Amino acid sequence: MNDKSNRLFTISQAAKACGISRSTLLRMEERGLIKPAYTNPKSGRRYYDKFNVSSCTQILKFQTMGFTNEEIQAYYGANGNCDALLSTLEDRLQLMQRLLEEMRLFAQKEQETSLQILHLPPVTCYTKSGLGLTAQDTYDIMAEAYEECIEKGLVISGEPFFNINERTDYLEGYLTKEPFMKTCCVPVIPENIPAAENIVRFPACKVLSLLYYGSYERLDAAYLLLGEEIKKRGLKPAGHVRGIGIVAPATGRNIEERRYCSRIALPVE
């Protein structure tokens, strides 16, 4: 559009209009986010137009959303194509929704067992497998996997740890007393993963989820309840059951057992 009016403003005027300090506006320039409409070649004074101010307020909004300088620059470099920003924002929204759910579980006063159908998002994990039967066995394998992640230089994400239990006994109404294979999974950031074995990307899946609170002494009863519910709903398993530690020993040494919150999730068709 042909804009005949394009007044110039001082750095103080532009900064005030954006609700920021002069130094913040200068830092935005240094990072390549803003370029003054005009710079006096003799005095070096910067002048800004209304488009600079509009861009600045938009950039501040992007920063509030958590976008990096590189992501913002890419947006303007693509002439305003927001596909990449939208995809990133949707991923962050899903993460915030999961974190919100976790915090609600932390604060929940009525600690009751609940069943529901959920869709788990894809996740990349460092995995370690071993035979086991008890909750202590799971903890020992998970602890080793966690320490190996740190040693290998992997970046651990904030997603809950989980274990995949290769068992089907609970679906038949009983629990085995024989050890079975457990694969403990530590979620990691998938970008720039160094060469490392045991990295597995689990796809998104639909699950029947049983959520319960308290010590792991009630695990057996929870598995049997899940097995009963699978039959009652006529669902067909599509993988091995996962034990997800939302509030678990790894969350902190001072967490009381009665506040443990676990999710048993069985992938279903």
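Our structure is the block above this text.
Because the structure is predicted, anything quoted here is derived from the model rather than measured.

Draft legend 1. Main features of the environment of Met65. With respect to the helices and strands, Met65 occurs in the loop between helix H3 (50-64) and helix H4 (69-77). Remark: the alpha-carbon pair of Met65 and Leu89, spanning 24 residues in sequence, is separated by 7.7 Å. The residues contacting Met65, other than those within four sequence positions of it, are Leu89 and Arg92.

Draft legend 2. Helix H6 (residues 135-151), seen in detail. The end-to-end C-alpha distance of H6, which contains 17 residues, comes to 24 Å, matching closely the 24 Å that a straight helix rising 1.5 Å per residue would cover. Within the span of H6, buried status applies to Thr138, Ile141, Met142, Ala145, Glu148 and Cys149. Seen from one end, H6 has its buried residues packed into an arc of 120°, which puts them on one side. With respect to the buried face of H6, the exposed residues turned more than 90 degrees away are Ile150 and Glu151. In the core, the buried residues of H6 are packed alongside strand E4 (123-132), strand E5 (162-165) and strand E6 (180-187). Residue Gly153 follows H6 closely and has a positive phi angle near 80°.

Draft legend 3. Structural context of the packing of H3 against H4. Interaxial distance between H3 and H4 falls to 10 Å at its minimum, and their mutual angle equals 135°. With respect to their mutual orientation, H3 and H4 come out oblique. Of the two possible hands of crossing, H3 and H4 adopt the one that is right-handed. Residue-level contacts link Ser55, Gln58, Ile59, Phe62 and Gln63 of H3 to Asn69, Ile72, Tyr75 and Tyr76 of H4.

Draft legend 4. Spatial organisation of the nonpolar core. One finds Ile20, Leu25, Met28 and Cys56 to be the most contacted residues of the largest nonpolar core, which totals 19 residues. When residues of this core are traced back to their parent elements, those giving at least two are helix H1 (11-18), helix H2 (22-30), H3 and H4. Of the residues forming this core, the biggest block, five residues, is contributed by H3. Every residue in contact with Leu25, bar those within four places of it in the chain, is listed here: Ile11, Ala14, Ala15, Ile20, Tyr48 and Cys56. Counting 16 residues, the second-largest nonpolar core is a separate cluster that includes Phe202, Val207, Leu211 and Ala265.

Draft legend 5. Region of the structure containing the packing of H1 against H3. In contact at an axis separation of 9 Å, H1 and H3 are set at 40° when each is read in the N-to-C sense. For the element pair H1 / H3, the angle class is oblique. Judged by the twist between their axes, the crossing of H1 over H3 is right-handed. Packed against H1, whose contacting residues are Ala14, Ala17 and Cys18, the element H3 presents Val53, Cys56, Thr57 and Leu60 at the interface. Of the residues belonging to the contact of H1 with H3, the class tally is six nonpolar, one polar and no charged.

Draft legend 6. Inspection of the pattern of salt bridges at higher detail. Enumeration over the complete set of coordinates arrives at six salt bridges. Between Arg46 and Glu29 there is a salt bridge, with its nearest N and O atoms 2.7 Å apart. Taken together, the positions of Arg46 in strand E2 (residues 46-47) and Glu29 in helix H2 put the pair 17 residues apart, joining distant regions of the chain. Of the charged contacts, one joins Glu229 and Arg233 as a salt bridge, the two residues approaching to 2.8 Å between their closest N and O atoms. Placement of both Glu229 and Arg233 in helix H7 (residues 219-233) is noted, with a separation of four residues, approximately one turn of the helix. Each of Lys128, Glu144 and Glu148 takes part in salt bridges that share partners, so that together they form one network.

Draft legend 7. Region of the structure containing the packing of aromatic side chains. Enumeration over the complete set of coordinates arrives at seven aromatic pairs. Ring geometry for Phe62 versus Tyr75: centroids 5.1 Å apart, planes at 80°, classification edge-to-face. Taken together, the residues Phe62 in helix H3 and Tyr75 in helix H4 connect sequence positions 13 residues apart. The exposure class of Tyr75 is buried, given its relative accessible area of 17%. Relative to Tyr76, the ring of Tyr75 has its centre 5.0 Å away and its plane inclined at 75°; by these criteria the two rings are edge-to-face. Taken together, Phe62, Phe67, Tyr75 and Tyr76 form an aromatic cluster joined through their ring pairs. Cation over ring: Arg167 sits above Tyr223, and NZ or CZ is 4.8 Å from the ring centre.

Basis of the calculations
Residues numbered from 1 in each chain as written. Predicted model: local features only at pLDDT ≥ 70, side-chain atom pairs only at ≥ 80, totals over all residues. Heavy atoms only, no water. Helix = DSSP H or I, 4+ residues; strand = E, 2+ residues; numbered from the N terminus. Contact = heavy atoms within 4.5 Å. Expected span 1.5 Å × (residues − 1). Buried < 20%, exposed > 50% of the residue type's maximum accessible area, 1.4 Å probe, protein only. Arc of directions from axis to C-beta. Axes fitted to C-alpha atoms, helices over the stretch in contact; angles between N-to-C directions. Parallel < 35°, antiparallel > 145°, perpendicular 65-115°, else oblique. Left-handed = near helix turned anticlockwise from the far one by under 90°. Core = buried A, V, L, I, M, F, W, Y, C linked by side-chain atoms within 4.5 Å. Nonpolar A, V, L, I, M, F, W, Y, C, P; charged D, E, K, R; others polar. Salt bridge = Lys/Arg side-chain N within 4 Å of Asp/Glu carboxyl O. Phe/Tyr/Trp six-rings, centres within 6.5 Å; stacked < 30°, edge-to-face > 60°. Lys NZ or Arg CZ within 6 Å of the ring centre and 35° of its normal.

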